[in-house]
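Residue-level listing of the chains:
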Amino acid sequence: ANFVLTNLHHAELAYAVGWIQYEMKDFAGAKASYAKGLAIAPNQHDLAKEYVATLLSLSAYGEMAPFIDKFLAGDRDMDGPGRANLIAAKGIAFIALGDLPGAANAASQAKALDPGNEYAALVLNLVAQKQEAN
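Report on the accompanying structure. (Residues numbered from 1 in each chain as written. Predicted model: local features only at pLDDT ≥ 70, side-chain atom pairs only at ≥ 80, totals over all residues. Heavy atoms only, no water.)

Here the focus is the overall build of the chain. Helix and strand counts for the chain stand at seven helices and zero strands. Along the chain, from the amino end to the carboxyl end, the secondary structure elements read α-α-α-α-α-α-α. Taking the intrachain contacts of the chain between residues at least 6 apart in sequence as the baseline, contacts between residues at least 24 apart amount to 49%. (Helix = DSSP H or I, 4+ residues; strand = E, 2+ residues; numbered from the N terminus. Contact = heavy atoms within 4.5 Å.)

Okay, structure coming up:
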């Protein structure tokens, strides 16, 4: 049989390849695949979420806030809970970097967008635990 592919959706392909790599714990490969997809479709929400999850898996905390800020600054159609999840992820990165005020601020921003956001609550709990330990 002769197959002719006339409309390959590169962003979806990058997502699928990155997801497979992520599941195989090839986080560096997943990061590269998601980055290629985001270069093609910079406002693709699912790619952005997976890219952030991959940065978290790589413990690339210093890369998370700049990526999330840039993505959200250019995005115009992600819903409030989706935005809140990304902002809360920034809070997790800030905790890992030792920036408790930054983490608390990120969690507050996330809760303003989505009052019941579980990740924002997690960040606030972690901040409180770290403050009690100090």
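It is worth spelling out the pattern of salt bridges at this point. In total, this model carries four salt bridges according to the counting rule given. When the shortest N-O distance is used, the salt bridge between E63 and K31 registers 2.8 Å. With E63 in helix 4 (residues 61-74) and K31 in helix 2 (residues 27-40), this residue pair connects regions lying 32 residues apart in the sequence. Of the charged contacts in the structure, one is a salt bridge between R83 and D75, with a shortest N-O distance of 3.4 Å. (Salt bridge = Lys/Arg side-chain N within 4 Å of Asp/Glu carboxyl O.)

A few words now on the packing of aromatic side chains. Think of a pair of aromatic rings as described by two things: how far the centres are apart, and how the planes are tilted against each other in angle. What the rule picks out here adds up to four aromatic pairs. With a centroid separation of 6.2 Å and an interplanar angle of 50 degrees, the aromatic rings of Y15 and Y34 are classed as tilted. Residue Y15 is located in helix 1 (residues 10-23), and its partner Y34 is located in helix 2; the two are separated by 19 residues in the primary sequence. Since its relative accessible area comes to 0%, Y34 is described here as buried. The interplanar angle of 20 degrees and the centroid separation of 6.2 Å between the aromatic rings of F67 and F71 together place this pair among those described as stacked. Here F67 pairs with F71, and both are found in helix 4, just four residues apart, close to one helical turn. (Phe/Tyr/Trp six-rings, centres within 6.5 Å; stacked < 30°, edge-to-face > 60°. Buried < 20%, exposed > 50% of the residue type's maximum accessible area, 1.4 Å probe, protein only.)

Attention now moves to the packing of helix 4 against helix 5 (residues 80-96). Axis separation between helix 4 and helix 5 bottoms out at 8 Å; the angle between their running directions is 155 degrees. In terms of axis orientation, helix 4 runs roughly antiparallel to helix 5. Pair helix 4 / helix 5 crosses with left-handed handedness. Along the contact surface, helix 4 presents Y61, M64, A65, I68, D69, F71 and L72, while helix 5 presents R83, L86, I87, A89, K90, A93, F94 and A96. When grouped by side-chain class, the residues that make up the contact of helix 4 with helix 5 number twelve nonpolar, no polar and three charged. (Axes fitted to C-alpha atoms, helices over the stretch in contact; angles between N-to-C directions. Parallel < 35°, antiparallel > 145°, perpendicular 65-115°, else oblique. Left-handed = near helix turned anticlockwise from the far one by under 90°. Nonpolar A, V, L, I, M, F, W, Y, C, P; charged D, E, K, R; others polar.)

Compared with an ideal rise of 1.5 Å per residue, which puts 14 residues at 20 Å, helix 2 spans 20 Å between its outermost C-alpha atoms and is within 8% of the ideal. All buried positions along helix 2 are accounted for by F27, G29, A30, S33, Y34, G37 and L38. Elements in contact with the buried residues of helix 2: helix 1, helix 3 (45-57) and helix 4. (Expected span 1.5 Å × (residues − 1).)

Before going further, it helps to spend a moment on helix 1. The end-to-end C-alpha distance of helix 1, which contains 14 residues, comes to 20 Å, matching closely the 20 Å that a straight helix rising 1.5 Å per residue would cover. Taken together, the buried positions of helix 1 are A11, A14, G18 and Q21. Down the axis, helix 1 shows its buried residues gathered within 90 degrees of arc, on one side only. Those residues of helix 1 hidden inside the fold are in contact with helix 2 and helix 3. Just downstream of helix 1 lies K25, where phi reads positive at about 65 degrees. (Arc of directions from axis to C-beta.)

Bear in mind that shape data such as this cannot, by itself, settle questions of function.
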